[in-house]
Amino acid sequence: MKIPKALFPFFIFIAILSILVIFVVKWEYLLGKETGAKSNSNNVIDDLELENSPSSEVINMNDIGNIHKNLTVCDTHCDTVDRILKGINLGIRTDQGHIDIPRMQEGGVDIQVFACCIGRPKKEYPESYAKLTTKMINALKSEFQKHPDKIAIALTPDDIKNSIDSGKISAILAIEGGRAIENNLDKLREFYDSGVRLMTLVWNSNDWADSSQEKPKHNGLTNFGKEVVREMNRLGMIVDVSHASDKTVLDTLEVSNAPIIASHSCVKAICDHPRNLNDDLIKAIAKSEGVICVNFYSVFLDQEFKDKKNLYSKNKASSEENSISSRQKPPSISKVIDHIDHLVKVGGIDCVGLGSDYDGMNPPPEGLEDISKMPRITEELLKKGYSLDEVGKIMGGNFLRVFNRVCGKKDIPIL
Ligand SMILES: [Zn+2]
């Protein structure tokens, strides 16, 4: 077929336009990379790795939804069991609280750790700590059983793989506060048998571990506390040191023969709060090949927000001041990214995760109002110049590595 000569200028125009588009996309990509090739401290090695890695492909920022969906996304801490105990249906989307199944699906969450926090007012919950924990575990199980096609408890790495393959969310059962075991290793074993795969050693202090927010009583872990850690290692239960005092973290690291995690903790160098981790502890947890999962609570994220909140509560604020305090603007999502950046800088890319603390704190930062907003973190990290491989580690890959290592040892059926 003969092409009319009149169309030649049009073809030339299209060719020039294509060259221009390719040039602009490539130039933007190069600029983006220069603004923040994160990773470890050795930049020369990082650059080489980036060049050689498949993740150095051009990332289409208009396709964040699909990029995020293809990552294994994990949130290592929520207190949603409180709302389940009050009778919410996890399958219905609401604007109450931060988590339900539709919002988890929208947020592309593959793995959600559900904590049973044993720090309840005794008046409301008169049961013993162990009985209260069992009540919470049962409430979670029966809620998940109502939505068998959408969410399933994960006991092993294979369970997670199967759930991901069938488009379900993996729910990991956790205990927050070692007093749940009532100073009895048999109870710890019973909780393992009932499906618990992670335990935060201490919420506020117990008989064998000091917490970060109370006067130390045991100088870290007692001998029994060390036995608890060893037994968790033996069973294949992840040891979590969020809420623990600095000395408790160090004692745990000395005893544990498996990587440990801080399931919902921020960085002290950015916001000086007793719940946050100093750089030495970050390095030590990273050295154990463990993971520190950034908490989304504005008070832990932002020094200014925390200071203002403290000011109002310390001075017995007037009701007007209190209402100003409650209206205080939370920090933006960029604060979460700051904490991630710091963890990467101090502990390396393999030590960072996300532990929202949703349904257990308020307010979260602007941009992360609930679990449906998780893709925003992927977007912000890519904008900062993290490679896809690095973003995958932060969004869930690092936690999954610890879960595989600790919980992949054997397969004990759920009771
Ligand atoms: Zn907590």
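Residues numbered from 1 in each chain as written. Predicted model: local features only at pLDDT ≥ 70, side-chain atom pairs only at ≥ 80, totals over all residues.

A. Up close: the overall build of the protein. Helix and strand counts for the protein come out as 17 helices and nine strands. The buried share among the 415 residues of the protein stands at 46%. Expressed as a percentage of contacts within the protein between residues at least 6 apart in sequence, the contacts between residues at least 24 apart total 74%. (Helix = DSSP H or I, 4+ residues; strand = E, 2+ residues; numbered from the N terminus. Buried ≥ 20, exposed ≤ 12 C-beta atoms within 10 Å, placed from the backbone. Contact = placed C-beta atoms within 7 Å.)

B. View of helix α7 (residues 157-165). All of the buried residues in α7 are Asp159, Ile160 and Ser163. Within α7, the buried residues cover an arc of 100 degrees as seen down the axis, which keeps them to one side. Facing away from the buried surface of α7 by more than 90 degrees, the exposed residues are Asp158 and Asp165. For α7, the elements touching its buried residues are β2 (111-117), β3 (151-153) and β4 (169-176). One or two positions beyond α7, positive phi appears at Gly167, with a value near 70 degrees. (Arc of directions from axis to C-beta.)

C. Representation of the environment of Ile153 in the model. Inspection of the secondary structure puts Ile153 in strand β3. By C-beta crowding, Ile153 is classed as partly exposed, having 19 other C-beta atoms within 10 Å. As for Ile153 and Ile111, which are separated by 42 residues in sequence, their C-alpha atoms are 9.6 Å apart.

D. Molecular detail of the confidence of the model for the protein. For the protein, per-residue confidence averages 86 on the pLDDT scale, and residues scoring 70 or more make up 79% of the total. This stretch, residues 23-56, has a pLDDT under 50; its non-local contacts, to residues over four places away or in other chains, come to 33 contacts. A low-confidence stretch, residues 411-415 (pLDDT under 50), is modelled with seven contacts involving residues beyond four sequence positions or located in other chains. (pLDDT = per-residue confidence, 0-100.)

E. Focus on the pairing of strand β8 (residues 291-294). Side chains of β8 alternate between two faces, with Val291 and Cys293 and Ile292 and Val294 buried alike. As defined by bridge partners, strand β7 (residues 261-262) adjoins β8 across two bridges and the pair is classed as parallel. In the strand pairing of β8, Ala262 is matched with Ile292. Note that the unit made of β7, helix α11 (residues 279-287) and β8 has a crossover that is right-handed. Here β8 runs beside strand β9 (residues 352-354); their pairing, made up of three bridges, is parallel. Bridge assignment links Ile292 to a residue of β9, and that residue is Val352. (Pairing = 2+ DSSP bridges. Right-handed = clockwise from strand over helix to strand, strands pointing away.)

F. Quick peek at the environment of Val299. Within the fold, Val299 resides in helix α12 (residues 298-301). For the pair Val299 and Asn362, spaced 63 residues apart in the sequence, the C-alpha separation amounts to 8.8 Å.

G. Summary view of unusual backbone geometry. For the bond from Asn362 to Pro363, the omega torsion is 0 degrees, close enough to zero to count as cis. Structurally, Pro363 is set in the loop between β9 and α16 (375-384). Although it is not a glycine, Glu289 sits at a positive phi angle of roughly 65 degrees. Mapped onto the fold, Glu289 is located in the loop between α11 and β8. A tally of 15 C-beta atoms within 10 Å means that Glu289 is categorised as partly exposed.

H. Looking closely at the packing of helix α8 (residues 185-193) against helix α9 (residues 223-235). Running from N to C, α8 and α9 cross one another at 30 degrees; their axes reach a closest spacing of 11 Å. Put simply, α8 runs roughly parallel to α9. Handedness of the crossing formed by α8 with α9: right-handed. Between α8, through Leu185, Leu188, Arg189 and Tyr192, and α9, the contact on the second element is made entirely by Glu227, Val228, Glu231 and Leu235. Considered class by class, the residues forming the contact of α8 with α9 number five nonpolar, no polar and three charged. (Axes fitted to C-alpha atoms, helices over the stretch in contact; angles between N-to-C directions. Parallel < 35°, antiparallel > 145°, perpendicular 65-115°, else oblique. Left-handed = near helix turned anticlockwise from the far one by under 90°. Nonpolar A, V, L, I, M, F, W, Y, C, P; charged D, E, K, R; others polar.)

I. A look at the pairing of β4. The buried fraction of β4 amounts to eight of the eight residues, a majority that puts the element mostly inside the structure. With burial as the criterion, each face of β4 is covered, one bearing Ile169, Ala171, Leu173 and Ile175 and the other bearing Ser170, Ile172, Ala174 and Glu176. Note that β2 and β4 share seven bridges and pair parallel. Paired with Phe114 across the two strands is Leu173, which belongs to β4. Note: β3 against β4, three bridges, orientation parallel.

J. Highlighting the packing of α11 against helix α15 (residues 334-347). Following both chains from N to C, one finds α11 and α15 inclined at 65 degrees, their axes separated by 9 Å at the closest point. As summarised for this structure, α11 and α15 are arranged roughly perpendicular, according to the angle between their axes. Crossing hand, α11 versus α15: right-handed. Residues Asp279, Ile282, Lys283, Ile285 and Ala286 of α11 lie in contact with α15, whose contacting residues are Leu343, Val346 and Gly347. Looking at the contact of α11 with α15 residue by residue, the class counts come to five nonpolar, one polar and two charged.

K. The environment of His264, seen in detail. Turning to its location among the elements, His264 is positioned in the loop between β7 and α11. In this structure the C-alpha to C-alpha distance between His264 and Asp75, which are 189 residues apart in sequence, comes to 9.2 Å. Contact partners of His264, with chain neighbours within four places excluded, come to Thr76, His77, Ser242, Cys293, Asn295, Gly355 and Asp357.

L. Highlighting the nonpolar core. Grouped together as the largest cluster of nonpolar side chains are 107 residues, with contacts concentrated most on Phe114, Ala174, Val196 and Ile292. Per-element tally for this core: the top contributor is helix α17 (residues 388-407), with nine residues. Once residues within four sequence positions are removed from consideration, Val196 is found in contact with Ile137, Leu173, Ala174, Ile175, Phe191 and Met237. (Core = buried A, V, L, I, M, F, W, Y, C linked by C-beta atoms within 7 Å.)

M. Highlighting α15. If you check α15, its first and last C-alpha atoms are 20 Å apart, about what 14 residues at 1.5 Å a residue would give, namely 20 Å. Within the span of α15, buried status applies to Lys335, Val336, Ile337, His339, Ile340, Leu343, Val344, Val346 and Gly347. Looking at the buried positions of α15, the neighbouring elements they touch are α11, β8, α12, β9, α16 and α17. Gly348 sits one or two residues past α15 and shows a positive phi near 95 degrees. (Expected span 1.5 Å × (residues − 1).)

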